[in-house]
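Now for the letters of each chain:
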Amino acid sequence: MSYQFDFSPLLTYWPELAAGIVQTLRISCIAMVAGLVLGIALTALRMSPSRPLRWLAVSYIELVRNTPFLVQIFFIFFGLPALGLRFDATQAAVLAMSLNCSAYAAEIVRGGVQAVPKGQVEAGRALGLGTADIYRFIVFRPAIRAIYPSLCSQFVLLMLNSSLVAAISAEELTYAAQMIDNRTFRSFEIFAVVGLLYLALSQCLSLVLAAIGRAYFSYPSK
Amino acid sequence: MIREFGFPELLFVLEGARWTILLSALAFVCGGALGLAVALARTARSRELRWGATVYIQIFQGTPLLIQLFFVFFGLPLLGLQLNVWLAVTIGLALHASGYLGEIWRGGIQAVPAGQVEAARALGLGYRSVMIDVVLPQALRISLPATVGFLVNLVKGTALAALLGLTEATRAGQLMSNITFEPLRVYSAVGLVYFAICLPLTLWSARLERRLLRRG
């Protein structure tokens, strides 16, 4: 084996890598929040009394969950402009990630909501709470606490999946890696190091999310 | 000349879907074999094996599939490993699958009651026989819903091969979109093709899970 490893191009291009990391975290965080909010809305639709609304929510969730994220990105970035909806690469990336995340979040949230015993909702009503308060205190907070671990792993997956938006030239870590690769041809070193960077990012994200979970959901359970 | 997105173009996408299915199957079989080894290492008595398997799983679950594929396709040839795109994508997807399947089956193996292993060992069975005759059949049944669920992810993951230039369903869609200038229709069609492949698997996985829950 005659290949000489050379990691120095990575040092030369560290500002690009750092900017890529920041951008990856930024679009992922926006998509996480938007995805969770949309996911909760979808869950509400799914449990609404109206059958067409329920059907709409289920169709959307299953369509998103059973098609590749890459095709969704292409659909939004290349397909939607035909309908007059034009986005730049980063906007399309954030939109695709949020919509994708919302379907998975909805599926997870539903599991949590179903886990709340009916008697608790009835008890809340008997205590005179309104529908909004019942949802807020009796359904969603315990439900979110119950599903928080699954949500966290979904968020980590979302962050890893954000690498696909490099395919439409949205600037983030993978895009930076490809750019450096094109200039230096040090593919082995670059993709190994960027892989490690993603590994570090996903570990940090897990730790931060777990810390947030401890802070918010540590009220006594029994 | 600009072509319209008609039947021949749809046929081209469907032909691409054939490679999507073949690629998924190849990656699942190779990744499954490797994943079984990972699961066994993860539950082995040796601390080193367990530790090695944990690191392996962390690496493949903690990095993007796209970077894994880029590493295999662009990175390894620099070390003198000449890989064509099919081989590279299959290796990349199989490694990815082995990380996830290893973790899923680890859960299955550990869910088999410890008393089963103890009883089998008390009857004088060796490790091989304990695993093959007692633990793995039960573990497989427990982890079947999650395994099928991961298969859906694997099928969707093969779409990334398009970015390396392998003409499966998504790349076929890109090509058709380039000659017809009708990306909306083309990518809707591509999406529906994947939907048609994945939905039955998703439904099957959900049914298996319900059945498992009912049996307790």
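Residues numbered from 1 in each chain as written. Chains lettered and ligands numbered in written order. Predicted model: local features only at pLDDT ≥ 70, side-chain atom pairs only at ≥ 80, totals over all residues. Heavy atoms only, no water.

Enquirer: Before we move on, can you summarise the overall build of chain A with the specific residues and values?
Expert: Of the regular secondary structure elements, chain A holds nine helices and zero strands. Oriented by its inertia axes, the alpha-carbon framework of chain A measures out at about 75 × 45 × 30 Å. When contacts within chain A are restricted to residue pairs at least 6 apart in sequence, long-range pairs at least 24 apart make up 76% of them. For chain A, the accessible area works out to roughly 11200 Å², and carbon and sulfur atoms hold 66% of it. (Helix = DSSP H or I, 4+ residues; strand = E, 2+ residues; numbered from the N terminus. Contact = heavy atoms within 4.5 Å. Areas by Shrake-Rupley, 256 points an atom, 1.4 Å probe, with all protein chains shown as cover.)

Enquirer: Can you lay out the UniProt feature "transmembrane region" (unreviewed entry) in chain A for me, pointing to particular residues and giving the numbers?
Expert: Those places that UniProt annotates as "transmembrane region" (unreviewed entry) correspond, in this numbering, to residues 20-42, 63-83, 146-170 and 190-217 of chain A. Helix makes up 67% of residues 63-83 of chain A and strand 0%. Its end C-alpha atoms lie 20 Å apart. (UniProt positions renumbered as here; feature names shortened; annotations may be inferred.)

Enquirer: Now, about the UniProt feature "domain: ABC transmembrane type-1" (unreviewed entry) in chain A: what can you tell me, with residues and values included?
Expert: Per the UniProt record, "domain: ABC transmembrane type-1" (unreviewed entry) is annotated on residues 21-209 of chain A. Along residues 21-209 of chain A the backbone is 81% helical and 0% strand, and the end-to-end C-alpha distance reaches 18 Å.

Enquirer: Can you tell me about the interface of chain A and chain B, naming the residues and giving the values?
Expert: Listed by partner, the interface residues are 38 residues for chain A and 34 residues for chain B. Taking both partners together, chain A and chain B bury about 3100 Å²; carbon and sulfur atoms supply 79% of that area. Of all residues in chain A, the largest losses of buried area upon contact with chain B belong to Asn66(A), Phe188(A) and Phe191(A), amounting jointly to 20% of the total for that side. Viewed at the interface, chain B and chain A are joined by zero salt bridges. Elements with a contribution of two residues or more to the side of chain A that touches chain B: helix H3 (51-65), helix H4 (69-79), helix H7 (131-161), helix H8 (173-184) and helix H9 (187-216) of chain A. Among the elements that line the side of chain A that touches chain B, the one with the most residues is H9(A), at ten residues. In terms of residue class, the side of chain A that touches chain B is built from 25 nonpolar, ten polar and three charged. (Buried area = accessible area lost by both parts, 1.4 Å probe. Salt bridge = Lys/Arg side-chain N within 4 Å of Asp/Glu carboxyl O. Nonpolar A, V, L, I, M, F, W, Y, C, P; charged D, E, K, R; others polar.)

Enquirer: Quick rundown of a positive patch on the surface? Include the residues and the values.
Expert: On the surface, Arg141(B), Arg207(B), Arg210(B), Arg211(B), Arg214(B) and Arg215(B) cluster together into a patch of positive charge. Mapped onto the elements, Arg211(B) comes out in helix H8 (residues 183-215). (Patch = residues over 30% accessible without salt bridge, like charges linked within 9 Å, V, L, I, M, F, W, Y side chains within 5 Å. Lys, Arg positive; Asp, Glu negative; His and termini not counted. Charge placed at Lys NZ, Arg CZ, Asp CG, Glu CD.)

Enquirer: Tell me about the packing of aromatic side chains, and name the residues and values.
Expert: Taken as a whole, this structure holds 15 aromatic pairs over all chains when the rule is applied. A centroid spacing of 5.1 Å and a plane angle of 45 degrees characterise the contact between Phe191(A) and Phe70(B), whose relative ring orientation is tilted. Pair noted here: Phe191(A) is in helix H9 and Phe70(B) is in helix H3 (residues 65-75), and the two residues belong to different chains. Judged by relative accessible area, which is 3%, Phe70(B) ranks as buried. With a centroid separation of 5.3 Å and an interplanar angle of 15 degrees, the aromatic rings of Tyr100(B) and Phe150(B) are classed as stacked. Of this pair, Tyr100(B) sits in helix H4 (residues 85-111) while Phe150(B) is found in helix H6 (residues 127-157), placing the two residues 50 residues apart along the sequence. According to the relative accessible area criterion, Tyr100(B) is buried, its value standing at 16%. Against the face of Trp19(B) rests Arg18(B), its NZ or CZ located 5.2 Å from the ring centre. (Phe/Tyr/Trp six-rings, centres within 6.5 Å; stacked < 30°, edge-to-face > 60°. Buried < 20%, exposed > 50% of the residue type's maximum accessible area, 1.4 Å probe, protein only. Lys NZ or Arg CZ within 6 Å of the ring centre and 35° of its normal.)

Enquirer: Please give an account of H6(B) that cites residues and values.
Expert: Helical periodicity: at 3.6 residues per turn, an α-helix aligns residues three or four positions apart in one direction. Its 31 residues give H6(B) an end-to-end C-alpha distance of only 35 Å, which falls more than 12% under 45 Å, the value for a rise of 1.5 Å per residue. Along its length, H6(B) reaches its greatest deviation from straightness, about 55 degrees, at Ser143(B), and the proline Pro145(B) lies no more than four positions downstream. (Expected span 1.5 Å × (residues − 1). Bend = angle between axes of the 7 residues up to and from the residue.)

Enquirer: Explain the environment of Ala162(B) to me, and be specific about the residues and the numbers.
Expert: Residue and element names in this part refer to chain B. Within the element layout of this structure, Ala 162 appears in the loop between H6 and helix H7 (169-180). The spacing of Ala 162 and Val 89 is 73 residues in sequence and 9.9 Å in space, taken between C-alpha atoms. Apart from the residues lying within four places of it in its own chain, the contact partners of Ala 162 are Glu 168, Thr 170, Arg 171 and Gln 174.

Enquirer: Pulling in residues and values, what's your account of the packing of H6(B) against H8(B)?
Expert: Residue and element names in this part refer to chain B. One can describe the packing of H6 onto H8 by two numbers: an axis separation of 8 Å at closest approach and a directional angle of 165 degrees. It follows from the interaxial angle that H6 and H8 lie roughly antiparallel. Taken as a pair, H6 and H8 cross one another with a handedness that is left-handed. When H6 is examined against H8, the residues Arg 141, Ile 142, Leu 144, Pro 145, Val 148, Gly 149, Leu 151, Val 152, Val 155 and Lys 156 are found in contact with a partner set consisting of Tyr 194, Ile 197, Cys 198, Leu 201, Thr 202, Trp 204, Ser 205, Leu 208, Glu 209, Leu 212 and Arg 215. (Axes fitted to C-alpha atoms, helices over the stretch in contact; angles between N-to-C directions. Parallel < 35°, antiparallel > 145°, perpendicular 65-115°, else oblique. Left-handed = near helix turned anticlockwise from the far one by under 90°.)

Enquirer: Which residues make up a nonpolar patch on the surface, and what values do they have?
Expert: Together, Val208(A), Ile212(A) and Tyr216(A) give the surface a local cluster of nonpolar side chains, amounting to about 300 Å² of exposed area. Along the chain, the position of Tyr216(A) falls in helix H9.

Enquirer: Would you mind going over the side chain of Glu189(A) in detail, with residue names and values included?
Expert: Residue placement: Glu189(A) occurs in helix H9. Glu189(A) has contacts with Tyr3(A), Gln4(A), Phe5(A), Asp6(A), Phe7(A) and Leu10(A), leaving out every residue within four places of it along the chain.

Enquirer: Outline the nonpolar core, listing residues and values.
Expert: Judged by nonpolar contacts, the single largest core of 114 residues is most densely connected at Val194(A), Tyr198(A) and Leu93(B). Here this core takes 15 residues from H7(A), the largest share from any one element. In terms of nonpolar packing, the next biggest core, distinct from the first, is built from six residues, Ala57(A), Val64(A), Ala103(A) and Ala106(A) among them. (Core = buried A, V, L, I, M, F, W, Y, C linked by side-chain atoms within 4.5 Å.)

Enquirer: Hey, could you go over helix H1 (residues 7-42) of chain B for me, with residue numbers and the actual values?
Expert: For H1(B), spanning 36 residues, the distance from its first C-alpha to its last is 50 Å, which sits close to the expected 52 Å at 1.5 Å a residue. Along H1(B), the helix axis deviates most sharply at Gly32(B), where the bend reaches about 25 degrees.

Enquirer: Now, about the UniProt feature "transmembrane region" (unreviewed entry) in chain B: what can you tell me, with residues and values included?
Expert: Here the UniProt feature "transmembrane region" (unreviewed entry) sits at residues 20-41, 53-79, 85-102, 146-166 and 186-206 of chain B. Helix makes up 57% of residues 146-166 of chain B and strand makes up 0%, while its end C-alpha atoms are separated by 28 Å.

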